[in-house]
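Per-entry structural report
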Amino acid sequence: MQLPARDIVRDYTEAVFRRARVPMEPLNFEVDWVDQPSRHTAYPGAPQVPLPTRLPDLATLRDVFTQAPSASAGWSMARLATLLRLSYGVLDRRMTVNWNQDVAKRAHFEHAVWGRGTASGGGMYPVEVYLVAGASAPVLPGVYHYDTGRHMLQRLLVGDAGGSIRAGLAGPEDADSFLVASLRFWKNSFKYNSFCYHVVTQDLGALLGSWELLASALGVPLRRLLCFDPAPMDRLLGFDSDQQSVFAVVPLQWSAEAAGTRDPAVPTRVGDGGVTPPVQIHYAAHERSKRVRQFPAVTEVHRAAAHPPATVDPAAVVDAAPRPLSGEPVALPEPRLDLLDRPLSTVLATRSSSFGRFRRPPELTVAELGTTLAFAAAGRPHPADAGLPADAPALTRLWVFANHLDGLPAGGYAYCPRRHALLPAAPEPAVGMSAFLQQHYFLTNYTMGQVGAVLAISGRLDAVLDAYGPRGYRILNAEIGAVAQRVYCATTAQRVGCGAVLGFDNVAMDEALGLSDTDERTVLFLLLGRNSDAVATVEYRL
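Below, the structure is looked at part by part. (Residues numbered from 1 in each chain as written. Predicted model: local features only at pLDDT ≥ 70, side-chain atom pairs only at ≥ 80, totals over all residues. Heavy atoms only, no water.)

1. Re the overall build of the protein chain
Assigned secondary structure in the protein chain consists of 16 helices and 18 strands. Taking 2.2 N^0.38 as the reference for a compact globule, 542 residues should give roughly 24 Å; the C-alpha atoms of the protein chain span a radius of gyration of 22 Å, in line with that estimate. Once the C-alpha set of the protein chain is aligned to its principal axes, its extents read approximately 70 × 55 × 50 Å. For the protein chain, buried positions account for 58% of its 542 residues. The long-range share in the protein chain, meaning contacts at least 24 apart out of those at least 6 apart in sequence, stands at 82%. Only carbon and sulfur atoms are counted for the fraction: they give 53% of the accessible area of the protein chain, which is about 21,300 Å². In the protein chain, 50 positive and 52 negative side-chain charges are present, and the distance between their average locations comes to 5 Å. (Helix = DSSP H or I, 4+ residues; strand = E, 2+ residues; numbered from the N terminus. Rg over C-alpha atoms; globule rule 2.2 N^0.38 Å. Buried < 20%, exposed > 50% of the residue type's maximum accessible area, 1.4 Å probe, protein only. Contact = heavy atoms within 4.5 Å. Areas by Shrake-Rupley, 256 points an atom, 1.4 Å probe, with all protein chains shown as cover. Lys, Arg positive; Asp, Glu negative; His and termini not counted. Charge placed at Lys NZ, Arg CZ, Asp CG, Glu CD.)

Here you go:
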């Protein structure tokens, strides 16, 4: 008998949280690296539309943090190209001596690491971005795919297909153009198998986090829609929804100057706007893998979470926020805004994961930790199609495992953004914090004795499912990914090392924070510390 969709999501997340103790199926899985998918999806034969390559000077991270977004401009192709390239385009080739398991082969060109502005679990980059351009767009109306490897658009269909996007949205939409973010599971599951869905839904959030920062720096509005029905959009893009599906939609309003740059004589409609008769793109994406596998757990949880919420009760969403904590707060120094005074474009272009390069002394400071926490907690917007007030509380909470910090005793703390303070949650373990963290980290690419602090992002999954239904799992993970991306940006601006990991025993970490008897769970962890300057590194900027 088929389980209810909520139970399927709950069982999957429980398996994820306990995978350090009970391995997820398939057991004894081996990655076929020779048959892995291409890191950059392309559509052979599709016309190519070049994008501007010159990146403008953007506001500093400090300005993005302290100034309310003006959103005074509309989108242009130059602004859109900046958004795409700095968030998901290839920016450089990197070679660094670190403790990651695949470091030896990365010196060979065919296995090179090509850096991007947004973090991705395992460096898989499973998000595929499409532009559905309407009559007001500065390009031919149609459907375009963003080619991340070559920083260009590939035109897959000519004509206004916006009706297929609007058909799935929860409410009326005035925009005639949309950015569509889809997830292709095989680009991650070939390595992570059943664990894939948990990782890719956070990857989506990280990308949306980059887009929100870039839109603020560019002065243009950005609304992310997450509560829609993806079925008509998947049909338009030719997806088998079990293998690839639309997860986020961003309506685009073009500037008057941009809308006036296209030849008005070109055709602007396909059928009746993409609803009847059905419209589908004309090109197929190249598949490098000879064998594409589907994993039952991924398919099952995706089908369960794909159903959009019929309604969203704002009161239930407010109730899904983490519960207030008691305790004597430990005040943090005011955020060091001077440490964030680097252009956002530079921050994204130089963002990277540490992979065991941490070295101490000197110790990480409480000022650096507090600045990172304040910036990370400042940008956790809810989906624009959820109908929530602007001041609705966040679905996530930040925790700190203080390990080696100048000015803060070792132990567990919860971050309170309202008071910009830490609330003690647990004393230092009897074995010592470094030993505790190492004991419960089941990978080999970090030495916890060199880590200054571990940040944990938590949420109340059951309460979020009550508010949003099964789709709530995706929405919660999207917020978690966006918070993680902001942590990366804040640490990069401060020249502090950072590495996001999913390799801790969640059960043990929750016990240490006193969460075992609550419905709140840690989901993602970020390690902070000092990167050694005496490490061989090569960066070739593109």
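2. Re the sheet that holds strand β4 (residues 127–133)
Reading across the sheet, the six strands line up as β1-β6-β5-β4-β7-β8 and stay open at both edges, with antiparallel pairing between neighbours. Each of the sheet's edge strands pairs with one partner strand only, and the pair in question is β1 (48–50) and β8 (244–252). Within this sheet the neighbouring strands show an average axis-to-axis angle of 30°, counted without direction. Here β4 runs beside strand β7 (residues 177–184); their pairing, made up of six bridges, is antiparallel. When the sheet's bridge partners are listed, Val127 is paired in β7 with Leu183. Along the sheet face, helix α3 (residues 77–88) touches β4, β5 (142–147), β6 (152–158) and β7 and points at about 170° away from the line of β4. (Pairing = 2+ DSSP bridges. Axes fitted to C-alpha atoms, helices over the stretch in contact; angles between N-to-C directions.)

3. Considerations on the pattern of salt bridges
Using the criterion set out here, one finds 19 salt bridges in the structure. Across the salt bridge formed by Arg530 and Glu368, the nearest N and O atoms sit 2.8 Å from each other. Of this pair, Arg530 sits in the loop between β17 (521–529) and β18 (537–541) while Glu368 is found in helix α12 (residues 366–377), placing the two residues 162 residues apart along the sequence. Members of the salt-bridge network, linked through shared partners, are Arg6, Arg10, Glu14, Arg18, Asp462 and Asp466. (Salt bridge = Lys/Arg side-chain N within 4 Å of Asp/Glu carboxyl O.)

4. Remarks on unusual backbone geometry
The general pattern is negative phi for most residues beyond glycine and trans for most peptide bonds. Residue Pro26 is bonded to the preceding Glu25 through a cis peptide linkage, with omega at 5°. Positionally, Pro26 belongs in the loop between α1 (5–17) and β1. Between Arg360 and the following residue, Pro361, the backbone shows a cis peptide bond with an omega angle of 0°. Notably, Asn193 is not glycine yet its phi reads approximately 40°, a positive angle. By the element assignment, Asn193 lies in the loop between α5 (186–192) and α6 (196–218).

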